[in-house]
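Residue-level structural notes
The chain contents come next:
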Amino acid sequence: MSGSIAKQAVVIGAGMGGLCAAKAVAPFFETLTVLERDALPQTPSPRAGTPQDRQVHVLLAGGSRALESLFGGLENKLIEAGAVKVQLNRDARLEYPGCDFLPRRDLGVPVTCQSRPLLEWICRKELEREPNVEIRPRCRVSALSPSTDRDAVTGVRFDQDGAVTTIAADLIIDASGRAAPTLSFLEATGRRKPSESEIGIDMAYGSVIFEPPSDPPDWKLVTISPPSLRAFVAARSPLWKAAGGSSR
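Notes on the structure follow. (Residues numbered from 1 in each chain as written. Predicted model: local features only at pLDDT ≥ 70, side-chain atom pairs only at ≥ 80, totals over all residues. Heavy atoms only, no water.)

Here we come to the sheet that holds strand E4 (residues 84-88). With antiparallel pairing, 3 strands are arranged side by side in an open sheet as E3-E7-E4. Here the strands that pair on one side only, and so sit at the sheet edges, are strand E3 (58-59) and E4. In this structure, E4 lies alongside strand E7 (residues 109-113), joined through 5 bridges in antiparallel fashion. By the bridge assignment for E7, Gln87 is matched with Pro110. (Pairing = 2+ DSSP bridges. Helix = DSSP H or I, 4+ residues; strand = E, 2+ residues; numbered from the N terminus.)

Below is the structure:
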């Protein structure tokens, strides 16, 4: 492609991180290949690699602007596909403990409500429009290939439907989520892994689908936080207690 600086780039993972990375670097390579472990649905449907995609999702204003800069016209495409744009706090009813419903004022902050599968599906379809991009599903990356002196990564080895293949690449982006290919490469080449910090949040969440009211409401989004929320978290979270948290 015109303006390319190298021949081949590879992105590991076709989640939102991988899709954004691929869209950003695609203009600078002759070909770009995205390797995804999952089978990718042909419709906006949940998939195994993103278990949280069945939960409620809201695209905040900053994220919307960032995605719009990569995938031009994304917001309009989301709305055409059924997403709902909400103007905070004009279109929402927000209730917090001791506050009742907050005043309905336009704060000038828009958010877009849609499912995670819809957001990912539209971004993936937009990336597929790039003539030099190929998205390959059912490709499980097994290793990053080192150079002869083991000072660089020169390719990606992966398994697709039982066939093992290696792609040589000038740039490899690990957007697999847990960075397993990168960590394995560091270990295989005798390098120290980055230090890690783990923070336990002891939290679970779920989503329920409700039938909308028969009479059109004057809101598009409603949030009700129970008064006992802090006490509930304090009672169930040893980390909260260990940190000196109060249930007041």
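Our focus in this paragraph is the environment of Asp91. Here Asp91 is to be found in the loop between E4 and strand E5 (92-96). The class for Asp91 is buried, based on a relative accessible area of 10%. With 19 residues separating them along the chain, Asp91 and Pro110 place their C-alpha atoms 9.6 Å apart. Excluding residues within four positions of it along the chain, Asp91 makes contact with Lys85, Val86, Arg104, Trp219, Lys220 and Leu221. (Buried < 20%, exposed > 50% of the residue type's maximum accessible area, 1.4 Å probe, protein only. Contact = heavy atoms within 4.5 Å.)

The next subject is the side chain of Ser64. Looking at the element boundaries, Ser64 is found in helix H2 (residues 61-70). Excluding residues that lie within four positions of it along the chain, Ser64 makes contacts with Leu59 and Glu75.

Applying the stated criterion across every chain yields a total of 15 salt bridges. A salt bridge links Asp106 to Arg90; the nearest nitrogen and oxygen atoms lie 3.6 Å apart. Taken together, the positions of Asp106 in the loop between strand E6 (100-101) and E7 and Arg90 in the loop between E4 and E5 put the pair 16 residues apart, joining distant regions of the chain. Between Lys125 and Glu128 there is a salt bridge, with the nearest N and O atoms lying 3.5 Å from each other. Placement of both Lys125 and Glu128 in helix H4 (residues 116-128) is noted, with a separation of 3 residues, approximately one turn of the helix. The exposure class assigned to Lys125 is partly exposed, which follows from its relative accessible area of 27%. When its relative accessible area of 38% is taken as the criterion, Glu128 is described as partly exposed. Through salt bridges with shared partners, a single network forms among Glu36, Asp38, Arg47, Arg116, Glu120 and Arg124. (Salt bridge = Lys/Arg side-chain N within 4 Å of Asp/Glu carboxyl O.)

By themselves these figures say nothing about function.
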